[in-house]
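Coordinate analysis (summary)
What follows is the residue order along each chain.
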Amino acid sequence: MQHLSKAQIKWVRQLQQKKFRDAEGVFVAEGEKCVHDLTDAFELVLLVSPDNATPTEIEQMSSLRTPQGVIGVFKRREAIGDGVLVMGHGLWVALDGVQDPGNLGTIIRTCDWFGIHHIICSRETADCYNPKVVQATMGALARVQLHYVDDLSSVLSKYQQNGYPIYGTLLNGKNMYEPSAIPTKDKGIIVMGNEGNGISQSVRECVTHPLLIPSYPADMPTSESLNVGIATAIVLAEFRRNNLP
């Protein structure tokens, strides 16, 4: 394998920045397993390994404190426009301004575990091709597709008008463990909100079934809220309980 040129090393290093990833239509993944898993779903543009780069050069290209020795540059999936989203039976997740890359990566990985293959994201949601997000997904990005839309409330409204239940976690929601809180578990969109502000008002108006994750015991002081990644896992586990496809 031919040794990487200085230009290639500089290029991979530049891809840590969103403006360069957007311009080139590519993203970076690190670690042998992560790169291997993504190869089945994305076109590999460049592979960096000890066969074509020195440890120092790999360290220069890596976004990790402890580089894992293998870096892959992949071509992104083609984006799907706001009006092209089509959903049959099944569950989707919608993210309204989830901004922390670690949270987004955890949510993608959690969706993969629970068989959620599509996530609709507002533009304010973190970039799914951010190296920190890619790393946190542990390869789940190969099986979960994210769709970024300009107006999340408009998209959700269209689904609502076509009979899809829109679930959202709200403090004034119904205890999700009550039998009537989730009328159907195999169809709909589950909305998760911003880390600090929750679900925005415009998106909140689209929610047909507000849900509450109850604290325990109910009459005791507790934390103000749950981490959005943890909350997503709890909600998806309840949807999948006794209702596996």
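Residues numbered from 1 in each chain as written. Predicted model: local features only at pLDDT ≥ 70, side-chain atom pairs only at ≥ 80, totals over all residues. Heavy atoms only, no water.

When helices and strands are counted, the protein shows nine helices and nine strands. Relative to its length of 245 residues, the protein is compact, with a C-alpha radius of gyration of 20 Å against a globular reference of 18 Å. For the protein, the C-alpha atoms occupy an extent of roughly 60 × 40 × 30 Å along the three principal directions. Taken across its 245 residues, the protein has 46% of its residues classed as buried. In the protein, once contacts between residues fewer than 6 apart in sequence are set aside, the share between residues at least 24 apart is 80%. Here the protein has roughly 12800 Å² of accessible surface; of this, 51% comes from carbon and sulfur atoms. (Helix = DSSP H or I, 4+ residues; strand = E, 2+ residues; numbered from the N terminus. Rg over C-alpha atoms; globule rule 2.2 N^0.38 Å. Buried < 20%, exposed > 50% of the residue type's maximum accessible area, 1.4 Å probe, protein only. Contact = heavy atoms within 4.5 Å. Areas by Shrake-Rupley, 256 points an atom, 1.4 Å probe, with all protein chains shown as cover.)

With that settled, the discussion passes to a nonpolar patch on the surface. Among the surface-exposed residues, Met-1, Leu-44 and Leu-47 lie close enough to one another that they form a single nonpolar patch of about 270 Å² accessible area. Tracing the chain through its elements places Met-1 in the segment before helix 1 (6-14). Judged by its relative accessible area of 64%, Met-1 is exposed. (Patch = residues over 30% accessible without salt bridge, like charges linked within 9 Å, V, L, I, M, F, W, Y side chains within 5 Å. Salt bridge = Lys/Arg side-chain N within 4 Å of Asp/Glu carboxyl O.)

Further remarks concern the nonpolar core. Ranked by size, the top nonpolar core spans 43 residues in total, and within it Leu-38, Ile-108, Ile-119 and Leu-146 carry the most contacts. At five residues, helix 9 (residues 228-240) tops the list of elements feeding residues into this core. Once residues within four sequence positions are removed from consideration, Leu-146 is found in contact with Leu-104, Ile-108, Ile-119, Cys-121, Cys-128 and Leu-141. By size, the runner-up hydrophobic cluster in this structure holds 17 residues, among which are Trp-92, Val-155, Ile-166 and Ile-189. (Core = buried A, V, L, I, M, F, W, Y, C linked by side-chain atoms within 4.5 Å.)

So, about the sheet that holds strand 7 (residues 166-175). Strand order in the open sheet formed by six strands is 6-5-4-8-7-9, with parallel pairing between adjacent strands. On the outer flanks of this sheet lie strand 6 (145-149) and strand 9 (209-212), each paired with one strand and no other. The mean angle between the axes of side-by-side strands here comes to 35°, regardless of whether they run parallel or antiparallel. Sitting on the sheet, helix 7 (residues 152-161) touches strand 4 (90-96), strand 5 (118-122), strand 6, strand 7 and strand 8 (187-193), and the angle it makes with strand 4 is about 155°. (Pairing = 2+ DSSP bridges. Axes fitted to C-alpha atoms, helices over the stretch in contact; angles between N-to-C directions.)

What follows covers the packing of aromatic side chains. Tallied over the full model, the rule gives six aromatic pairs. Through successive ring pairs, a cluster of aromatic residues spans Phe-27, Phe-42, Phe-74 and Tyr-129. The aromatic ring of Tyr-164 is capped on one face by Lys-187, whose charged end is 4.6 Å from the ring centroid. (Phe/Tyr/Trp six-rings, centres within 6.5 Å; stacked < 30°, edge-to-face > 60°. Lys NZ or Arg CZ within 6 Å of the ring centre and 35° of its normal.)

Positive phi, normally seen in glycine, also occurs at Met-138, with a value near 55°. Checked against the element boundaries, Met-138 lands in the loop between helix 6 (131-137) and strand 6. For Met-138, a relative accessible area of 42% translates into the label partly exposed.

This is a description of form; function is not addressed.
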